[in-house]
Amino acid sequence: DVKVTQSSRYLVKRTGEKVFLECVQDMDHENMFWYRQDPGLGLRLIYFSYDVKMKEKGDIPEGYSVSREKKERFSLILESASTNQTSMYLCASSLPVNTGELFFGEGSRLTVL
Amino acid sequence: QKEVEQNSGPLSVPEGAIASLNCTYSDRGSQSFFWYRQYSGKSPELIMFIYSNGDKEDGRFTAQLNKASQYVSLLIRDSQPSDSATYLCAVNRGTPLVFGKGTRLSVIA
């Protein structure tokens, strides 16, 4: 089975802190994605990557950056966390030939105080 | 107009009934269409996809696509309380998936 693992299920950080959210997949998928999910707003794409060292902005990249140094790992970075970044963050991966079939991690619920 | 629109619900149906979930999309260039199910506190999981006009059946689930009307639907026959979840419609335009906000379904025993 495909497994997408997010390093932290729950995090509490303070405003201004740097936050790292890690995501690792074990199925050799080329594509990886970071979404955030908020009530009433649905899933919104932050960044995605179709290959190592490659990254593309999604719909809401402001305040975030990403790193993909290895194929299996895609990290989301909040350089200076703010309260409006309190959210559920979901990582997903997929094969390039079937970009609609996303495999999601369990999510990381971030609270910024 | 939002790219992918769904009624947020909640949609309540009695156990054993047919649940009908609807989705419209704005981009006529959309190529493929997906339904994800998300239980409360869990991540979305893919349950159906459809590429061509018409119906596609998988067990109790039927996806319907009408590209002329830019409309996708998901029918759940013999609804069970375990089907209670949020159903997300997603559209692929050759770029990352675009998700609707989801419809919350509640199946009442």
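It should be noted that the structure appears before, not after, this text.
A short note on the overall build of chain A
Broken down by element type, chain A carries zero helices and twelve strands. For chain A, the N- to C-terminal ordering of α and β elements is β-β-β-β-β-β-β-β-β-β-β-β. Here the C-alpha radius of gyration of chain A, 13 Å, is about what a compact globule of 113 residues would show, namely 13 Å. In terms of its C-alpha atoms, chain A occupies a principal-axis envelope of roughly 40 × 30 × 25 Å. For chain A, the residues scored as buried account for 48% of the 113 residues in total. Counting only contacts in chain A whose residues sit at least 6 apart along the sequence, the fraction spanning at least 24 positions is 55%. Here chain A displays about 5,600 Å² of accessible surface, and carbon together with sulfur accounts for 50% of that area. Taking the 15 positively charged and 16 negatively charged side chains of chain A as two groups, their mean positions are separated by 6 Å.

A word on the overall build of chain B
Helix and strand counts for chain B come out as zero helices and eleven strands. Seen in sequence order, chain B has helices and strands lined up from the N terminus as β-β-β-β-β-β-β-β-β-β-β. For 109 residues, the compact-globule estimate of 2.2 N^0.38 gives 13 Å, and chain B sits close to it at 13 Å. Across its three principal axes, chain B shows a C-alpha extent of roughly 40 × 30 × 20 Å. The buried share of chain B, reckoned over its 109 residues, is 45%. Contacts in chain B between residues far apart in sequence, at least 24 positions, make up 54% of those at least 6 positions apart. Within the structure as shown, chain B displays about 5,200 Å² of accessible surface, and the carbon and sulfur contribution to it stands at 46%. Placing the 11 positive and 10 negative side-chain charges of chain B at their respective mean positions leaves the two points 6 Å apart.

Re the side chain of A:S93
Residue and element names in this part refer to chain A. Inspection of the secondary structure puts S93 in strand β10 (residues 87-94). Residue classification places S93 among the buried positions, given a relative accessible area of 0%. Reaching out from S93, the side chain makes a polar contact with the side chain of H29 at a distance of 2.8 Å. Contact partners of S93, with chain neighbours within four places excluded, come to V4, Q25, H29, N31, M32, F33, E101, L102 and F103.

A closer look at the sheet that holds strand β1 (residues 4-5) of chain B
All names here are of chain B. Strand order across the open sheet formed by five strands is β1-β3-β8-β7-β6, with antiparallel pairing between neighbours. The two strands at the open ends of the sheet, each matched to only one other strand, are β1 and β6 (54-58). Summarising the sheet, β6 and strand β7 (residues 61-66) pair through five bridges and their orientation is antiparallel. For D55, the partnering residue across the bridge sits in β7 and is Q64.

Some words on the nonpolar core
All names here are of chain B. Among the nonpolar cores identified, the biggest contains 24 residues, and W35, V72, L74, I76 and Y87 are the most heavily contacted of them. Those elements that place two or more of their residues in this core are β3 (19-25), β4 (32-38), β5 (45-50), β7, β8 (71-76), β9 (85-92) and β11 (103-108). Setting aside residues up to four positions removed in sequence, I76 forms contacts with A17, I18, A19, L21, R60, F61, D83, Y87 and L105.

So, the layout of surface pockets
The calculated volume of the largest pocket comes to roughly 760 Å³. Lining the largest pocket are 34 residues; nearest its centre among them are A:Q37, A:D38, A:P39, B:Q38 and B:T86. Elements supplying a minimum of two residues to the lining of the largest pocket: β5 (31-38) and β10 of chain A together with β1, β9 and β11 of chain B. Of the residues that constitute the lining of the largest pocket, the class distribution is ten nonpolar, 15 polar and nine charged.

The rules behind these values
The written sequence of each chain sets the order in which its residues are numbered from 1. To read the labels, note that chains go from A and ligands from 1, taken in the order they are written. For a predicted model such as this one, the threshold for reporting local features is a pLDDT of at least 70, and the threshold for listing and counting side-chain atom pairs is 80 or more; totals across whole chains, interfaces and linings nevertheless cover every residue. Side-chain descriptors were evaluated using all non-hydrogen atoms of the structure, hydrogens and water having been removed beforehand. Only runs of H or I of at least four residues qualify as helices and only runs of E of at least two qualify as strands under DSSP, and these elements are numbered from the N terminus. Radius of gyration here uses only the C-alpha atoms, and the compact-globule reference equals 2.2 Å multiplied by the residue count raised to the power 0.38. Burial here depends on accessible area, computed with a 1.4 Å probe over protein chains only, as a share of the maximum for the residue type. Under 20% is buried, over 50% is exposed, and the range in between is partly exposed. Only heavy atoms matter for contacts: two residues are in contact if any of them lie within 4.5 Å across the pair. Computed with a 1.4 Å probe, the accessible areas rest on the Shrake-Rupley method; for each residue, only the protein chains presented here act as cover. Here Asp and Glu are counted as negative and Lys and Arg as positive; His is not counted, and neither are the chain ends. In this description, the location of a charge corresponds to atom NZ of lysine, CZ of arginine, CG of aspartate or CD of glutamate. For this analysis, a polar contact is any N or O atom pair within 3.5 Å, provided that within protein one partner can donate a hydrogen and the other can accept it, and provided that sequence-adjacent residues contribute only side-chain to side-chain pairs. In this description, strands pair whenever DSSP reports at least two bridges between them. Nonpolar core, defined: a set of buried Ala, Val, Leu, Ile, Met, Phe, Trp, Tyr and Cys residues in which side-chain atoms within 4.5 Å join the residues together. Residues are said to line a cavity or pocket when one of their atoms sits within 4 Å of a point; the points come from a 1 Å grid over protein atoms alone, cavities being sets where a 1.4 Å probe fits but cannot get out and pockets being open sets with protein on both sides within 12 Å along at least five of seven lines. Grid points are joined across faces, edges and corners, and a volume is the space filled by probe spheres set on the points. Classes in brief: Ala, Val, Leu, Ile, Met, Phe, Trp, Tyr, Cys and Pro nonpolar; Asp, Glu, Lys and Arg charged; the others, Gly included, polar.

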